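# Summary of the model geometry
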Amino acid sequence: MNHLLDFEHVSYSYHSIDGETPALSDISFSLNDGEFLAIAGPSGCGKSTLLNLICHLNTPESGQIFFQGEPLTKKSICEIGYMLQKDHLLEWRSIEKNIYLGLEIQKKLTGQTKDYAAHLLKKYGLFEFRHKKPSELSGGMRQRAALIRTLVLKPQLLLLDEPFSALDYQTRLKTSNDISAIIREEKKSAVLVTHDLSEAVSLADRILVLSPRPGQLKRIILTPFPKDLSALDRRNTNEFKDYFNLLWKEMNADEEVTFRAGTVS
Ligand code: ADP
Ligand code: MG
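The rules behind each value
- Residues numbered from 1 in each chain as written.
- Chains lettered and ligands numbered in written order.
- Predicted model: local features only at pLDDT ≥ 70, side-chain atom pairs only at ≥ 80, totals over all residues.
- Heavy atoms only, no water.
- Salt bridge = Lys/Arg side-chain N within 4 Å of Asp/Glu carboxyl O.
- Helix = DSSP H or I, 4+ residues; strand = E, 2+ residues; numbered from the N terminus.
- Buried < 20%, exposed > 50% of the residue type's maximum accessible area, 1.4 Å probe, protein only.
- Disulfide = S-S within 2.5 Å.
- Pairing = 2+ DSSP bridges.
- Axes fitted to C-alpha atoms, helices over the stretch in contact; angles between N-to-C directions.
- Contact = heavy atoms within 4.5 Å.
- Phe/Tyr/Trp six-rings, centres within 6.5 Å; stacked < 30°, edge-to-face > 60°.
- Lys NZ or Arg CZ within 6 Å of the ring centre and 35° of its normal.
- Near = heavy atom within 4 Å.
- Polar contact = N/O pair within 3.5 Å; in protein donor to acceptor, adjacent residues only side chain to side chain.
- Areas by Shrake-Rupley, 256 points an atom, 1.4 Å probe, with all protein chains shown as cover.
- Nonpolar A, V, L, I, M, F, W, Y, C, P; charged D, E, K, R; others polar.
- Parallel < 35°, antiparallel > 145°, perpendicular 65-115°, else oblique.
- Left-handed = near helix turned anticlockwise from the far one by under 90°.

### Re the pattern of salt bridges
Two side chains that carry opposite charge are able to pair once their charged atoms sit near each other. According to the stated counting rule, one finds 13 salt bridges in the structure shown. Among the salt bridges present, the one from aspartate 196 reaches arginine 172, with a minimum N-O distance of 3.3 Å. Of the two residues, aspartate 196 sits in the loop between strand S8 (189–194) and helix H6 (197–203) while arginine 172 sits in helix H5 (residues 169–185), which places them 24 residues apart along the sequence. Here aspartate 196 falls in the buried class, since its relative accessible area comes to 18%. Under the relative-accessibility criterion, arginine 172 is labelled buried at 14%. Each of the salt bridges in this network shares a partner with another, and the network as a whole consists of Arg184, Asp205, Lys227 and Arg234.

And the structure:
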């Protein structure tokens, strides 16, 4: 299988007048073409930093990142889309005009790209809402619109930084199910950052578990569900419980050691 992304011994620290904050240490992994990878780890362990390295907002202090076999450059980021916790849809623009935004910025708004936008809006149930303002849509629909705004630029790789954490529990389950189905249908690769363990197990093909800061790769957990199983259906399988327990144990191992040490002293 082809690698879309390779991290080789990547480390990163933030520098400020207060000193140095090591955020990531010696991270190595590969992302296969068409794969859905989740990054799980405690708050502050460097998950967002890792995504910022992939989209070249930060550059590694040491180590190297390769995209499609070539060292990652600013040019590579045209192939990468970013989806955040907030949908960042502009209220003064209609849904359709929001979806055109990236195309306008990249000077790619043509008849052809507008047709593609309309195709995606129809395929994913938002066409009849295209003239509405973002506030007239539900949270789940807004996240779908945000994803279409990214997909219309035809990225190879999608970076998702806790994109469902602002939604209520029920909407969150449904939206994560919809968004992952769209990503798989469009045959995109994805890196999802989440601290919700059940979300990671229900969406990903593999889960990278990071240690507390500075984030180091503790373990990679494989979650090989049948390809045609939706994120919601995954939750109803026996394997789901097994993978969840494995991930839970891995995530809580450090905490237990700290807790025990605290009890003894
Ligand atoms: P996560 O997304 O896993 O919660 P981050 O990648 O946002 O973690 O941050 C990792 C660590 O780096 C945290 O301890 C955070 O406080 C620190 N950090 C993040 N951004 C900056 C910054 N701009 N300057 C200094 N430290 C930062
Ligand atoms: Mg973060």
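Having put the structure on the table, let's press on.
### Observations regarding the state of the cysteines
Applying the stated criterion to the full structure yields zero disulfides. Just so you know, cysteine 45 is unpaired, no disulfide at all, and the nearest cysteine sulfur is the one on cysteine 55, 17 Å from it.

### Considerations on the sheet that holds strand S3 (residues 36–40)
Sheet strands pair via backbone hydrogen bonds, and the direction of the pair is either parallel or antiparallel. Taken together, the six strands give an open sheet; going across it, the order is S6-S7-S8-S3-S9-S10, and neighbouring strands pair in mixed fashion. In this open sheet, the two strands that pair with only one neighbour each are strand S6 (80–83) and strand S10 (217–222). Direction aside, neighbouring strands of the sheet carry axes that sit 20° apart on average. Here five bridges tie strand S7 (residues 157–161) to S8, and the two strands are oriented parallel to one another. In the strand pairing of S8, leucine 159 is matched with valine 191. Taken strand by strand, H5 contacts S3, S6, S7 and S8, and its axis lies near 140° from that of S3.

### Describing the packing of aromatic side chains
By the definition in use, this model includes four aromatic pairs. The ring of phenylalanine 127 has lysine 122 lying over it, and the distance from NZ or CZ to the ring centre is 4.7 Å. Above the plane of the ring of phenylalanine 127 lies arginine 130, whose end atom (NZ or CZ) is 3.8 Å from the centre.

### Description of the site of ligand 1
Near ligand 1 the following residues occur: Tyr14, Ala23, Pro42, Ser43, Gly44, Cys45, Gly46, Lys47, Ser48, Thr49 and Arg213. With respect to ligand 1, the side chain of serine 48 contributes an N or O atom lying 2.9 Å from an oxygen atom. Considering ligand 1 on its own, with 560 Å² of exposed area, one finds that the protein chains cover 61% of that surface. The biggest single contributor to the shell around ligand 1 is helix H1 (residues 47–54), with three residues. For the shell around ligand 1, the residue count by class is four nonpolar, five polar and two charged.

### A few points about the packing of helix H4 (residues 139–151) against H5
Direction vectors running N to C along H4 and H5 enclose 20°, while the axes themselves pass 9 Å from each other. With respect to their mutual orientation, H4 and H5 come out roughly parallel. Crossing hand, H4 versus H5: right-handed. Here Gly140, Gln143, Arg144, Leu147 and Leu151 of H4 come into contact with H5, specifically with Thr171, Thr175, Asp178, Ile179, Ile182 and Ile183. In the contact of H4 with H5, the residues fall into five nonpolar, four polar and two charged.

### Regarding the sheet that holds strand S5 (residues 70–71)
Spatial ordering of the open sheet is given by S2-S1-S4-S5, a layout of four strands whose pairing is antiparallel. Whereas interior strands pair on both sides, the edge strands pair on one side only; in this sheet they are strand S2 (19–32) and S5. Sitting on the sheet, H1 is in contact with strand S1 (3–16), S2 and strand S4 (62–67), with an inclination near 120° to S1.

### Overview of the pairing of S4
Direction of pairing for S1 relative to S4: antiparallel, over a ladder of five bridges. Note that in S4 the partner of serine 11 across the bridge is serine 62. Summarising the sheet, S4 and S5 pair through two bridges and their orientation is antiparallel. Looking at S5, one finds that phenylalanine 66 is bridged to proline 71. Counting the residues in the hairpin turn of S4 and S5 gives two residues, including glutamine 68, whose phi is positive at 50°.

Honestly, it's all geometry; don't read function into it.
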